There are 2 protein chains.
Amino acid sequence: MSEVTTTDLYEVTMALSYLREDMRAPATFSLFVRDLPPGRGFLVAAGLEPALDHLARFRVGRSDVQVFADALRRPAEDLEPLHGLSFDGEVRAVPEGRIVLPGEPLLEVTAPLPQAQLVETYLLCLLCHQTAVASKAARCVLAAAGRTLVDFSLRRTHGPAAGLQAARLGALVGFAGTSNVAAARRYGIPAAGTMAHSYVEAFPSEEAAFRAFARTHPGPVTLLVDTYDTDAGVATAARVLGDLGLGPGCAIRLDSGDLDAQARRARTALDAAGLADVQIIASGGLDEFAVDRLVRGGAPIDAYAVGTKVGTAADAPYLDMAYKLVEYDGRPVMKLSSAKETAPGPKQVFRGPGLRDVIGLANEEPPEGTEPLLRTMMRGGLRTEPPDTLAAARARFEADLAELPDEARRLDGPTAPVPAPSTRLTVLTTVVKHRIEAFRVTPGRPPA
Amino acid sequence: MSEVTTTDLYEVTMALSYLREDMRAPATFSLFVRDLPPGRGFLVAAGLEPALDHLARFRVGRSDVQVFADALRRPAEDLEPLHGLSFDGEVRAVPEGRIVLPGEPLLEVTAPLPQAQLVETYLLCLLCHQTAVASKAARCVLAAAGRTLVDFSLRRTHGPAAGLQAARLGALVGFAGTSNVAAARRYGIPAAGTMAHSYVEAFPSEEAAFRAFARTHPGPVTLLVDTYDTDAGVATAARVLGDLGLGPGCAIRLDSGDLDAQARRARTALDAAGLADVQIIASGGLDEFAVDRLVRGGAPIDAYAVGTKVGTAADAPYLDMAYKLVEYDGRPVMKLSSAKETAPGPKQVFRGPGLRDVIGLANEEPPEGTEPLLRTMMRGGLRTEPPDTLAAARARFEADLAELPDEARRLDGPTAPVPAPSTRLTVLTTVVKHRIEAFRVTPGRPPA
């Protein structure tokens, strides 16, 4: 399935119309999140790397033209103007891992109008999903307060490809590992995993299962202790580990029940058995709230495996993300209908200490003591920088997180800092709005 | 990226251990949803077709072995027993489109234990995601009460592959079209789409935009009328359509604001302009609740485009789906820990009229007047039936939906019918539970 045809049909109808009307002047579209979902005090920019890869590959081939024509029930020759169209525009974007706030562009595309239009759906699809999941994972990092986090989400993500991204995005914000073997390989993330309840059940006894596992996997093992009775499972695990002379690098995993109480009893039992080095891993429907309760309650849990709710960003599985035309042929553009007003013109975000951000125009000088967030990532359809690394993205996230104000870090009812518009952006918005309103009264081209 | 390595690492550690311990006896795993999420009164089985394709292709190649070995930081020769492993087991499953209830197996795998274990994660990933989305889409079908539904979700699904499935699953429950060109092609779904606000903004005026669109796309067009002022947009659309002699097959689209009020005013204006044939399409953050309010309020809307909330199954983006060992080497197995009890043994679901279902054992005779839901879909690793069609799945869904009781159809606070266990399943559960509890008191192999 060609990536080029993975698009909304209206991108095709519009692009064709622009070509037929000879509207090939440069257009700038701005991709941003209007409002944060309840329960989010910040977002983590993600999805840019695959988006740039997509744009670099983008080219409408002969077979794509045929697919477009069939979708429109028109002969392929009607769609011929689209044939060979590739992306040769400019992309300015916030690198992955940076914290972004409502209204701040994550990405701006400047390209001949048909191109800039045709790539809309795919860009939104990648950035919306990945920013939503990275932002959820980032909240787990806050909750874990330095404890180890591992991604266990693959079985519940929205398909295998979403699972691959969930592992990548976890690593991007600081997770130490993933259960997903393919993701571990592709992104160089440590792979993690032990045994399921079914493994224990397949043996005559829990002890037989633990001993068989240790035979197959010599060296440190993690044993799942809650298949039948958790306290008995811990005792069995301690006996097996003790008999085999194992300890450092080993762990037990708790996957159900009252994790706090079980972890405390398990810690006591392991310590009493001389297994102070054996760690305790918790899993089972955990999210940032559950991790936070366990961490703040002092549960002796060394590592948390989070899955379902993080990999699906369950409480906010989508963002109110838009891709809006802000300039066409040198003319700033904005949309006024209903409450969804869009500020006109290509933009830049100027980040001050404590995430006191200013949204200004792309060609403004940065205010004193601020840093521009959007960087030129493509020019003439080519990437201007080598591919980003997860380590670099993670370092950016950690640096921004250190500056995040307390009210945005809160897990319960956080509030995001509100970026201020620059004076020049405010003036431009007022001018363009007046121009459109004048045009409403007197239909026709708005005064230049 | 190999599908085989798209798995949780623990499937690999367990499968290897089973092979090393020579535990290759047949195992049956049952895949089912324990409890429905709040707001669901039924589920629509989905994901089976791609799951069967996956199993038919499944084979651990040389490079997969290397990836597994690297994930475990062990030499490839240690993983050699996995090399060449393919799936040659049996699959019994509920065909796509059927309504399923909590506790009812959607699928049962019977295969040598290592194989049955190794395919767990991928099967869960496909069936959980797709059943969640199909079930959400099905609620839109209930709300639309016969009106046309179209999938607009691609920009907000969890990646492009999830978008492809969202379109397929919409069509499976009765949507008339999708905006997703690739999905339209792949699954033979009518493609739908018109123009965005940015298109209108790129022209000197709304009227210029409408006329240009009609020039590029001769014949019936759909015009987006809410970029500036909706009533004015409707008037402009009516004028352009009238001038061009268009009418039947044309539509206007409303994407923001009070859709009910705007649709009524638009209908009046269109009718007054002699455009009674021009339809009204509504979009913009719609879900089953919004569609239901509009339909029951009598809004003159002919078609609803639903996207974000359906494609992400936003209020229930995952299901409490499990893949549990229920029999190994002829011995029924169950898990007792915490509240997550699993009934033992291979099962069948016997559907009675009004979805009064009985969950029994696979080898039971169907009770009078019932129909078994699970069919043998693979035997010896080969599909026993030709690939299913969307039309057949849709027909199954429609037939089951007609039998669905009112309390399960309700959009607000629905309650699902509760399947009854058969007498034989109840007896087996009691016997196995006693056997495990005896074993708890006297550790060792439970009495046979």
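Above: the structure in question.
Here we summarise the structure given alongside this text.

About the criteria used
Residues numbered from 1 in each chain as written. Chains lettered and ligands numbered in written order. Predicted model: local features only at pLDDT ≥ 70, side-chain atom pairs only at ≥ 80, totals over all residues. Heavy atoms only, no water. Pairing = 2+ DSSP bridges. Helix = DSSP H or I, 4+ residues; strand = E, 2+ residues; numbered from the N terminus. Salt bridge = Lys/Arg side-chain N within 4 Å of Asp/Glu carboxyl O. Buried < 20%, exposed > 50% of the residue type's maximum accessible area, 1.4 Å probe, protein only. Axes fitted to C-alpha atoms, helices over the stretch in contact; angles between N-to-C directions. Parallel < 35°, antiparallel > 145°, perpendicular 65-115°, else oblique. Left-handed = near helix turned anticlockwise from the far one by under 90°. Contact = heavy atoms within 4.5 Å. Least-squares fit on C-alpha atoms with pLDDT ≥ 70 in both.

### Overview of the pairing of strand β3 (residues 90-93) of chain A
Residue and element names in this part refer to chain A. In the sheet, β3 pairs with strand β5 (residues 105-112) via 4 bridges, with the strands oriented antiparallel. In the sheet register, A93 faces β5, and the bridge partner there is L107. Pairing of β3 with strand β17 (residues 375-379), which is carried by 3 bridges, proceeds in the antiparallel orientation. By the bridge assignment, R92 is partnered in β17 with T376.

### Digging into the pattern of salt bridges
Counted under the stated rule, the structure contains 66 salt bridges over all chains. Here A:R98 makes a salt bridge to A:E371, at a shortest N to O gap of 3.0 Å. With a gap of 273 residues between them, A:R98 in the loop between β3 and β4 (99-100) and A:E371 in strand β16 (residues 371-372) connect regions that are remote in the sequence. For A:R98, a relative accessible area of 10% puts it in the buried group. For A:E371, a relative accessible area of 38% gives the class partly exposed. In this structure, B:E288 engages B:K136 in a salt bridge whose closest nitrogen and oxygen atoms are separated by 2.9 Å. Of this pair, B:E288 sits in helix α12 (residues 288-296) while B:K136 sits in helix α5 (residues 120-144), placing them 152 residues apart in sequence. Side by side, B:E288 and B:K136 carry an identical accessibility label, which is buried. One salt-bridge network, held together by shared partners, links A:R98, A:E104, A:R351, A:D357, A:E371 and A:D400.

### Quick look at the packing of α5(B) against helix α6 (residues 160-173) of chain B
Residue and element names in this part refer to chain B. For the pair α5 and α6, interaxial distance at closest approach is 9 Å and the crossing angle is 45 degrees. Between α5 and α6, the crossing angle belongs to the class labelled oblique. Both α5 and α6 take part in a crossing whose hand is right-handed. Mapping the contact onto sequence places H129, Q130, V133, A134, A137, A138 and V141 in α5 and A162, Q165, A166, R168, L169, G170 and V173 in α6.

### Here we look at the relation of the copies chain A and chain B
Under the fitted operation, chain A is carried onto chain B by 0.0 Å of movement along the axis and a turn of 180 degrees, and the coordinates agree to an RMSD of 0.0 Å. Such a turn and shift between the copies fits a two-fold axis. When C-alpha distances to the rotation axis are compared across chain A, the minimum falls at A:H158, with a value of 3.0 Å. The fraction of interface residues of chain A whose copies in chain B are also interface residues reaches 100%, indicating that both copies meet through the same surface.

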